[in-house]
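Listed below are the residues making up each chain.
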Amino acid sequence: MQPHYSPPPVRPTAIRRGMSEFARTVLLAALVFVGARMFVLPYEVEGASMTPNLHNRERVLVNRSVYYHFDLNHYLNLIPGVSVSGQRVIYPFHQPQRGDIVVLNPPVAHATQPYIKRVIGLPGETVSFRDHYVYIDGKRLDEPYIAGPITDCDVARGCHDGLVPAGYVFVLGDNRDNSADSRSFGFVKIDEIVGKAWFANWPLDRIGILPHYDYQK
């Protein structure tokens, strides 16, 4: 008669070891997720303000850190005996550039979600409109991503233009006839830009890096 075999009992230390490994795995996954969201944010386009270049329900990835900036003088003034006036704003990566597609919190009281627009005017530049074109500092802006002279701005009816203040940008949607942008709500503070949209990840036939255009003005 064969002796009855009983498996060795599972020791409590083995159970604790397994739970500890599981907890570490979960913690690591959570840290990776949170860390990724600090730098990259998924965003779904709503509406037609960026057609034909971005479409309704298209999804993009937004770089949240590319426009990070700080006032160096603020930190210098924390040093005992140091007193520096004014601001010295430092961008470790780069400032918003003309043509960047950005996700922003619009200066609109009833807005419940961010907008996605294209940066057109930079700090210190004068934006104006004539003959359905955009002008920067009096020179017509070549915009190859839209269908020619389609940009209207009737200042008499409240359309905004003029000198872009320091720390602000002027943004437009690519679908100029169907876009709430700086023409209606004015300049956008750089601090209110969530980040730069740089990669389309849905639908499958639209996957790829969003192009950046060189301007001749």
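For clarity, every value in this text was computed on a predicted model and none was experimentally measured.

**As for the overall build of the protein chain**
Here's step 1: Along the protein chain, the regular secondary structure elements total three helices and 14 strands.
Here's step 2: Residues classed as buried in the protein chain amount to 34% of the 217 residues present.
Here's step 3: Within the protein chain, residue pairs in contact and separated by at least 24 positions form 59% of the contacts whose partners lie at least 6 positions apart.
Here's step 4: Summing over all exposed atoms, the protein chain offers an accessible surface of approximately 13500 Å²; the carbon and sulfur share of this is 58%.

**Overview of the confidence of the model for the protein chain**
Here's step 1: Overall, the predicted model of the protein chain reaches an average pLDDT of 88, with 82% of residues at or above 70.
Here's step 2: Ignoring residues within four places in sequence, the model shows residues 28-36, a span with pLDDT below 50, making zero contacts including any to other chains.

**Let's talk about the sheet that holds strand E7 (residues 126-130)**
Here's step 1: One open sheet holds the four strands; their spatial order is E9-E8-E7-E10, and the pairing between them is antiparallel. Every interior strand has two partners, whereas the edge strands, strand E9 (139-140) and strand E10 (162-163), have only one.
Here's step 2: Direction of pairing for E7 relative to strand E8 (residues 133-136): antiparallel, over a ladder of four bridges. What sits directly across from Arg130, in E8, is Tyr133.

**Comments concerning the state of the cysteines**
Here's step 1: Taken as a whole and judged by the stated rule, the model has one disulfide.
Here's step 2: There is a disulfide in this structure between Cys153 and Cys159, and the S-S distance comes to 1.6 Å. What sets the handedness of the Cys153 and Cys159 disulfide is the S-S torsion sign, and at about -105 degrees it is left-handed.
Here's step 3: Using a relative accessible area of 17% as the deciding quantity, one classes Cys153 as buried.

**Overview of the packing of aromatic side chains**
Here's step 1: One pass over the structure, following the stated rule, counts seven aromatic pairs.
Here's step 2: Note on Tyr115 and Phe185: the rings are 6.1 Å apart at their centroids and 50 degrees apart in plane angle, and the pair reads as tilted. Pair noted here: Tyr115 is in strand E6 (residues 115-121) and Phe185 is in helix H3 (residues 182-185), with a separation of 70 residues, a long-range link.
Here's step 3: For Tyr115, a relative accessible area of 19% translates into the label buried.
Here's step 4: Taken together, a centroid distance of 5.4 Å and an interplanar angle of 50 degrees make the contact between Trp198 and Phe199 tilted.
Here's step 5: A residue is classified by how much of its surface remains accessible, and Trp198, at 33% relative accessible area, is partly exposed.

**Structural notes on the pairing of strand E2 (residues 59-63)**
Here's step 1: Inspection of the sheet shows strand E1 (residues 40-44) paired to E2 by five bridges, in the antiparallel sense. Following the sheet pairing, Leu41 is matched in E2 by Val62.
Here's step 2: Note that E2 and strand E13 (residues 193-202) share five bridges and pair antiparallel. Residue pairing for E13: Val62 is matched across the bridge by Ala197.

**Describing the pairing of strand E5 (residues 101-104)**
Here's step 1: Covered by surrounding structure in E5 are Ile101 and Val103 together with Val102 and Leu104, the residues of both alternating faces.
Here's step 2: As defined by bridge partners, E5 adjoins E6 across four bridges and the pair is classed as antiparallel. For Val102, the partnering residue across the bridge sits in E6 and is Lys117.
Here's step 3: Bridging between E5 and E13 involves three bridges; their strand directions are antiparallel.

**Points about the nonpolar core**
Here's step 1: Formed by 15 residues in total, the largest nonpolar core has its most connected members in Leu104, Val169 and Val171.
Here's step 2: Only E5, E6 and strand E11 (168-172) provide two or more residues apiece to this core.
Here's step 3: Not counting chain neighbours up to four residues away, the residues in contact with Leu104 comprise Pro114, Tyr115, Lys117, Val171, Val188, Glu192, Ile193 and Val194.

**Concerning unusual backbone geometry**
Here's step 1: Residue Pro52 is bonded to the preceding Thr51 through a cis peptide linkage, with omega at 10 degrees.
Here's step 2: Considering the arrangement of structural elements, one finds Pro52 in the loop between E1 and E2.
Here's step 3: Along the chain, Trp202 connects to Pro203 via a cis peptide bond; the corresponding omega equals 5 degrees.
Here's step 4: Summarising the element assignment, Pro203 is placed in the loop between E13 and strand E14 (208-209).

Rules of the game
Residues numbered from 1 in each chain as written. Predicted model: local features only at pLDDT ≥ 70, side-chain atom pairs only at ≥ 80, totals over all residues. Heavy atoms only, no water. Helix = DSSP H or I, 4+ residues; strand = E, 2+ residues; numbered from the N terminus. Buried < 20%, exposed > 50% of the residue type's maximum accessible area, 1.4 Å probe, protein only. Contact = heavy atoms within 4.5 Å. Areas by Shrake-Rupley, 256 points an atom, 1.4 Å probe, with all protein chains shown as cover. pLDDT = per-residue confidence, 0-100. Pairing = 2+ DSSP bridges. Disulfide = S-S within 2.5 Å. Phe/Tyr/Trp six-rings, centres within 6.5 Å; stacked < 30°, edge-to-face > 60°. Core = buried A, V, L, I, M, F, W, Y, C linked by side-chain atoms within 4.5 Å.

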